[in-house]
Amino acid sequence: MRNAAAAVAPRGSGRRRGIRTHLPTSPWLFLAPGLLVVGGFSLYPFLSTVAHSFTDARTLRAGRFTGGANYQEMLHDPMFWTGLRNSVLYVLGVVPPLVVLPLLLALLVRRSVPGIAFFRAAFYLPVVASVVVVGLIWVWLLDDRGLINALLEALGFGRARFLSDPWLLLLSAMAVTVWKGLGYYMIIYLAALAQVPRELHEACAVDGAGPVRRFLTVTVPAVRATMVLVAALSAVNAFKVFSEVYLMAGATGGPGGEDTTLVMLVQQAGTGLSGRVGYASALSVVVFVLTLGLMLLVLRANRGEDR
Amino acid sequence: MRRHSRRTPAATAALAACALLLSACGAPDGGGDSDSAAGKVEGQVTFQTWNLKARFQKYFDGVVAEFEKKYPGTKVKWIDQPAEGYPQKLSADAAAGTLPDVVNVSPDLAYPLAKAGLALDIGTAAGKYRGEYLDGAWRSHEMPGLSGVYAFPWYLNTGPMFYNKDLFRKAGLDPAKPPTTYDRLFADALTMARKSDRRIAMLAGAPSIEDFGRYGVRLMDARGTEFTFNEPKGVELLTHYQQLYAAGALDAQALTAVAESAGRKFQQQSVAMNPGSALDLENFKRDAPDLYKNIGITDAVNNTGKANMYVQGLMVSADSKVKPAAVAFAHFVTDRRHQMAFAEQVAVFPSTKGSLDDPYFTKEDGTDATRVRVAAAKSLRTAVNYTPVVLSDQMKTVLRNAVARALQGKQSPKEALDSAVAECNRLLKTG
């Protein structure tokens, strides 16, 4: 009996000692690879951009420190204000449809009826198509001699200058962005709708509420958090829009550059053999700050409503 | 026994990892660094072209093989980059210090590289070859503010103007007499728009810096230190284009058009005239046979007596570790015999002295192709490259935006050009 007890005790105490010898810094060792990747590919480039924004660096020339000269130049650059206006308008024009329309689509495709799978796939198709391919297709459709103008003329209306009128061009790009994003946000809403308790709908129905009232009093409150998420995501992406406008408005950002967005401005200033890296970096920093502010604004709006 | 068996795989893995590390390091790139382009022609030369492999693989493989045979001990590695994004690719290589030894450039691409000290001065390293090239072509790679010449001139091109005879006829314009002066061009353009009820435009592109040059506008001051295209003649040209735009004689999408979309408009026969090159004739025959039957060819109008010249060159990297071989190869590709062979494969023109006197460029055989070739070769004798090399992409954007504001009537032509010149000069000075 004594022998048995003695045989067990040393092994147990040995294990405990082993566990205790782990260093308090062990978790950081496991996090190290991930932190290195984030630090090397996100944090360092960001800090480098901030540093460059205070210099007059060029693509092929190191910069000299110039303080706030780039930011001061930005304030006097008419294209900066045009880009800011267009990026803000893009947010205002794109976010409301992308918050509401995918929700309606989700309600439509949620029911299990024969053939519904086709429509689910069809609505999602633009999401998986390359934005470049989508942009080019829409350019052909909206061209002066494109399908849409041919249709308008056949119906007796005149041709619309979708690709050469600055405002129509911006609206067309917004429409493409909304069209392309419907499927993506629809999926998010479908997941959220699946979480709405059936009992709430039944209770509401018992009280005599019709489909519209049930939608407003049960469905919308239940997916409010998702709506905020969709609003935040689409707002950030809209503010940083590049591809749709670049493809439809051309490298100069439409007639007279009037449809240039902030990110297009970064690209125009910073690329090429004569690129002005310092100025482009300053623009990037401003885009970052504004984007951050936009997100905080959306989140704050949500909190306000919750209270 | 168990412990022993466990250690063996770990030890094996460690040894394997060490072996991999050692092999990964490998031997560092050997070879001495020579400061001069004189010396023995040997080593590996990297050669980059601009979207030429798809159509000319056989030709370049032949040139490379011939060079390697002539200079045993040399090896040429040929890289071709697509047309789209070529300047960006070059920019990335230059910034990373990985430029190929011999690079296909145009003067405006060579300028920032030369300014950054990345392009070898051919005038110093290979000045003995100067006499082999047309003087204008050799000088096309001189850079303002820098002494020297920064690329061997390679092939040249100039653009004829294509027009649609059928559209001319329908508008009551004589298809046998296309406009040869600006006055006629502007008048015919207005007629085209009016007779077609604004459905057909004469031109698809807004004026670029080259158009200002051909009109006779003084683009820069004599020393190349300041832009001057807002002078009265520049305002005059832009005023004409503004009138065309208002009348529908300039395509509505000219403000956002790129060369590809302007060409598409011409092929759709919604635009009556379009600049192009002899290469386009083949495209028309293949893609737009109805249009091809009605194609007319004429010179692009100018007020200066000089057509516009496009120049391609071969630059040698100043950081090349095999300068003698790189210079020898660049000269080899651009010498008279090889330029002539290349020109006969495609509709481009040699930049070597005397080549344009060859019967290939002076005798017509009755076909459109030879007519275009002979006419272009003739105009290339006196042609100039109107585009200032210091005109950066951002400056081009500034000009395009100013032109667009003027065409839409949002600014007067003078205000638009004044602001464009001021901005371009500011960018020039901060460069």
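Residues numbered from 1 in each chain as written. Chains lettered and ligands numbered in written order. Predicted model: local features only at pLDDT ≥ 70, side-chain atom pairs only at ≥ 80, totals over all residues. Heavy atoms only, no water.

Chemist: Can you walk me through the environment of Met161(B) in this structure?
Modeler: Residue and element names in this part refer to chain B. For Met 161, the position within the fold is in strand 5 (residues 160–164). Accessibility expressed as a relative area gives 11% for Met 161, which makes it buried. For the pair Met 161 and Val 327, spaced 166 residues apart in the sequence, the C-alpha separation amounts to 37 Å. If sequence neighbours within four positions are ignored, Met 161 has contacts with Leu 203, Met 273, Asn 274, Pro 275, Gly 296, Ile 297, Thr 298, Asp 299 and Ala 300. (Helix = DSSP H or I, 4+ residues; strand = E, 2+ residues; numbered from the N terminus. Buried < 20%, exposed > 50% of the residue type's maximum accessible area, 1.4 Å probe, protein only. Contact = heavy atoms within 4.5 Å.)

Chemist: Just to check I follow, could you spell out a nonpolar patch on the surface for this structure?
Modeler: Residues and elements named next belong to chain A. A grouping of Leu 43, Phe 46, Leu 47, Phe 288, Val 289, Leu 292, Leu 296 and Leu 299 is seen on the molecular surface, where their side chains present a nonpolar patch of about 710 Å² in accessible area. At the level of secondary structure, the elements contributing two or more residues to the nonpolar patch comprise helix 2 (26–52) and helix 14 (277–306). When residues of the nonpolar patch are assigned to their parent elements, the largest contribution, 5 residues, is made by helix 14. Mapping Leu 43 onto the fold places it in helix 2. (Patch = residues over 30% accessible without salt bridge, like charges linked within 9 Å, V, L, I, M, F, W, Y side chains within 5 Å. Areas by Shrake-Rupley, 256 points an atom, 1.4 Å probe, with all protein chains shown as cover. Salt bridge = Lys/Arg side-chain N within 4 Å of Asp/Glu carboxyl O.)

Chemist: How should I be thinking about helix 15 (residues 336–345) of chain B in this particular structure?
Modeler: Every buried residue of helix 15 of chain B is accounted for by His338(B), Gln339(B), Met340(B), Phe342(B) and Ala343(B). Along its buried surface, helix 15 of chain B packs onto helix 2 (53–70), strand 4 (152–157), helix 14 (323–334) and helix 16 (359–362) of chain B.

Chemist: Honestly, the packing of aromatic side chains in this entry has me stumped. Any pointers?
Modeler: How two aromatic rings sit relative to each other is given by the distance of their centres and the angle of their planes. Evaluation of the coordinates by the stated rule reveals 37 aromatic pairs over all chains. Centre to centre, the rings of Phe54(A) and Tyr71(A) are 5.6 Å apart; their planes meet at 50°, and the pair counts as tilted. Taken together, the residues span a long stretch of sequence, with Phe54(A) in the loop between helix 2 and helix 3 (69–75) and Tyr71(A) in helix 3 at a distance of 17 residues. Taken together, a centroid distance of 5.1 Å and an interplanar angle of 35° make the contact between Phe60(B) and Trp78(B) tilted. One end of the pair, Phe60(B), is in helix 2; the other, Trp78(B), is in strand 2 (residues 74–81), and 18 residues separate them in sequence. Residue Trp78(B) is classed as buried on the basis of its relative accessible area, which comes to 12%. Aromatic rings pair up to connect Phe47(B), Phe56(B), Tyr59(B), Phe60(B), Phe67(B), Tyr71(B), Trp78(B), Trp154(B), Tyr155(B), Phe329(B), Phe332(B) and Phe342(B) into one cluster. One cation-aromatic arrangement involves Lys53(B) over Trp78(B); the distance from NZ or CZ to the ring centre is 4.9 Å. Across from the ring centre of Tyr360(B), 3.7 Å away, lies the NZ or CZ of Arg373(B), which sits over that ring. (Phe/Tyr/Trp six-rings, centres within 6.5 Å; stacked < 30°, edge-to-face > 60°. Lys NZ or Arg CZ within 6 Å of the ring centre and 35° of its normal.)

Chemist: What am I meant to see in helix 17 (residues 368–380) of chain B here?
Modeler: An α-helical segment advances 3.6 residues per turn. Residues three or four places apart therefore align on the same side. Compared with an ideal rise of 1.5 Å per residue, which puts 13 residues at 18 Å, helix 17 of chain B spans 18 Å between its outermost C-alpha atoms and is within 8% of the ideal. By the burial criterion, the buried members of helix 17 of chain B are Thr370(B), Val372(B), Arg373(B), Val374(B), Ala376(B), Ala377(B), Ser379(B) and Leu380(B). (Expected span 1.5 Å × (residues − 1).)

Chemist: Sorry if this is basic, but what is going on with the nonpolar core here?
Modeler: Grouped burial of nonpolar side chains is what soluble globular proteins tend to show. Counting residues in hydrophobic clusters, the biggest one holds 72 residues, and the most contacted among them are Leu90(B), Met192(B), Met202(B), Phe227(B) and Phe229(B). It is helix 18 (residues 393–407) of chain B that contributes the most residues to this core, 8 residues altogether. For Phe229(B), the residues in contact, after removing those within four places along its chain, are Ile209(B), Phe212(B), Val217(B), Arg218(B), Leu219(B), Gly234(B), Leu399(B), Leu417(B), Ala420(B), Val421(B) and Cys424(B). Counting 67 residues, the second-largest nonpolar core is a separate cluster that includes Met79(A), Val109(A), Leu193(A) and Val287(A). (Core = buried A, V, L, I, M, F, W, Y, C linked by side-chain atoms within 4.5 Å.)

Chemist: Any chance you could explain the environment of Arg194(B) here in plain terms?
Modeler: Mapped onto the fold, Arg194(B) is located in helix 8 (residues 182–195). Along the backbone, Arg194(B) and Phe361(B) are 167 residues apart, and their C-alpha atoms lie at a distance of 40 Å.

Chemist: Would you take a moment to explain the interface of chain A and chain B for this structure?
Modeler: Often, the extent of an interface is quoted as the loss of accessible area upon association of its parts. Facing 30 residues of chain A, the contacting portion of chain B comprises 36 residues. Around 2,700 Å² of area is buried between chain A and chain B when both sides are counted, 48% of it from carbon and sulfur atoms. It is Leu60(A), Arg145(A) and Leu273(A) that lose the most area in chain A upon contact with chain B, and together they represent 23% of the buried surface on that side. Linking chain A with chain B are 4 salt bridges. We note a salt bridge from Asp143(A) to Arg264(B), for which the minimum N-O separation is 3.5 Å. Linking chain A with chain B are 6 residue pairs in polar contact (both at pLDDT 80 or more). Across the side of chain A that touches chain B, the residue classes tally to 9 nonpolar, 10 polar and 11 charged. (Buried area = accessible area lost by both parts, 1.4 Å probe. Polar contact = N/O pair within 3.5 Å; in protein donor to acceptor, adjacent residues only side chain to side chain. Nonpolar A, V, L, I, M, F, W, Y, C, P; charged D, E, K, R; others polar.)

Chemist: So what exactly am I meant to see when it comes to the packing of helix 4 (residues 78–110) of chain A against helix 5 (residues 116–128) of chain A here?
Modeler: Between two packed helices, both the angle of their axes relative to each other and the distance between the axes serve to describe the pair. Residues and elements named next belong to chain A. Where helix 4 contacts helix 5, the two axes come as close as 9 Å, and the packing angle between them is 155°. Classified by the interaxial angle, the pair formed by helix 4 and helix 5 is roughly antiparallel. Handedness of the crossing formed by helix 4 with helix 5: left-handed. Contacts between helix 4 and helix 5 involve Leu 105, Leu 108, Val 109 and Arg 110 on the former and, on the latter, Ile 116, Arg 120 and Phe 123. Its residues assigned to classes, the contact of helix 4 with helix 5 shows 5 nonpolar, no polar and 2 charged. (Axes fitted to C-alpha atoms, helices over the stretch in contact; angles between N-to-C directions. Parallel < 35°, antiparallel > 145°, perpendicular 65-115°, else oblique. Left-handed = near helix turned anticlockwise from the far one by under 90°.)

Chemist: Explanation requested: the pairing of strand 4 of chain B in the structure shown.
Modeler: Looking along a regular strand, one sees the side chains alternate between the two faces of the sheet. All names here are of chain B. Counted residue by residue, strand 4 has 6 buried out of 6 residues, so it is predominantly covered. Inspection of the sheet shows strand 4 paired to strand 8 (residues 310–316) by 4 bridges, in the antiparallel sense. Looking at the pairing, Leu 156 lines up with Val 311 of strand 8. (Pairing = 2+ DSSP bridges.)

Chemist: I would appreciate a short explanation of the side chain of Arg276(A) in the present structure.
Modeler: Its place among the elements puts Arg276(A) in the loop between helix 13 (262–270) and helix 14. A relative accessible area of 8% means that Arg276(A) is categorised as buried. Excluding residues that lie within four positions of it along the chain, Arg276(A) makes contacts with Ala57(A), Arg58(A), Glu73(A), Ala269(A), Gly270(A), Gln394(B), Arg426(B) and Leu427(B).

Chemist: Help me understand the sheet that holds strand 6 (residues 273–275) of chain B in this model?
Modeler: The strands making up a sheet associate through backbone hydrogen bonding, with each pair oriented either parallel or antiparallel. All names here are of chain B. If you trace the 3 strands from one edge of the open sheet to the other, you get 6-5-7, paired in antiparallel fashion. Both outer strands of the open sheet, strand 6 and strand 7 (295–299), are each paired with one neighbouring strand and no more. Mean inter-strand twist for the sheet, computed between neighbouring axes without regard to direction, equals 30°. Here strand 5 pairs with strand 7 via 5 bridges, running antiparallel. The residue of strand 7 that forms the bridge with Met 161 is Thr 298.

Chemist: Even after reading the chapter, I still don't get the sheet that holds strand 1 (residues 43–50) of chain B, so can you show me in this structure?
Modeler: Residue and element names in this part refer to chain B. Spatial strand order, 2-1-3-8-4: 5 strands in an open sheet with mixed pairing. Whereas interior strands pair on both sides, the edge strands pair on one side only; in this sheet they are strand 2 and strand 4. Taken pair by pair, the neighbouring strands of this sheet meet at an average axis angle of 20°, ignoring direction. Across 2 bridges, strand 1 lies against strand 3 (residues 102–105) in parallel orientation. Directly across from Gln 48, in strand 3, lies its bridge partner Val 103. On the sheet, helix 4 (residues 107–115) packs against strand 1, strand 3 and strand 8 and is oriented at approximately 130° with respect to strand 3.

Chemist: How should the pattern of salt bridges be read in this particular structure?
Modeler: Should their charged atoms come close, side chains of opposite charge can pair. Summed over all chains, the structure comprises 27 salt bridges over all chains. Close ionic contact of Arg381(B) with Asp357(B) constitutes a salt bridge, the shortest N to O distance being 2.9 Å. Here the residue Arg381(B) occupies a position in the loop between helix 17 and helix 18, and Asp357(B) occupies one in the loop between helix 15 and helix 16, the gap between them amounting to 24 residues. Classification of Arg381(B) as partly exposed rests on a relative accessible area of 45%. Glu423(B) is paired through a salt bridge with Arg426(B); the nearest N and O atoms lie 3.0 Å apart. Taken together, the residues span about one helical turn, with Glu423(B) and Arg426(B) both in helix 19 (residues 413–430) at a distance of 3 residues. Sharing partners across several salt bridges, the network here consists of Glu73(A), Arg276(A), Glu423(B) and Arg426(B).

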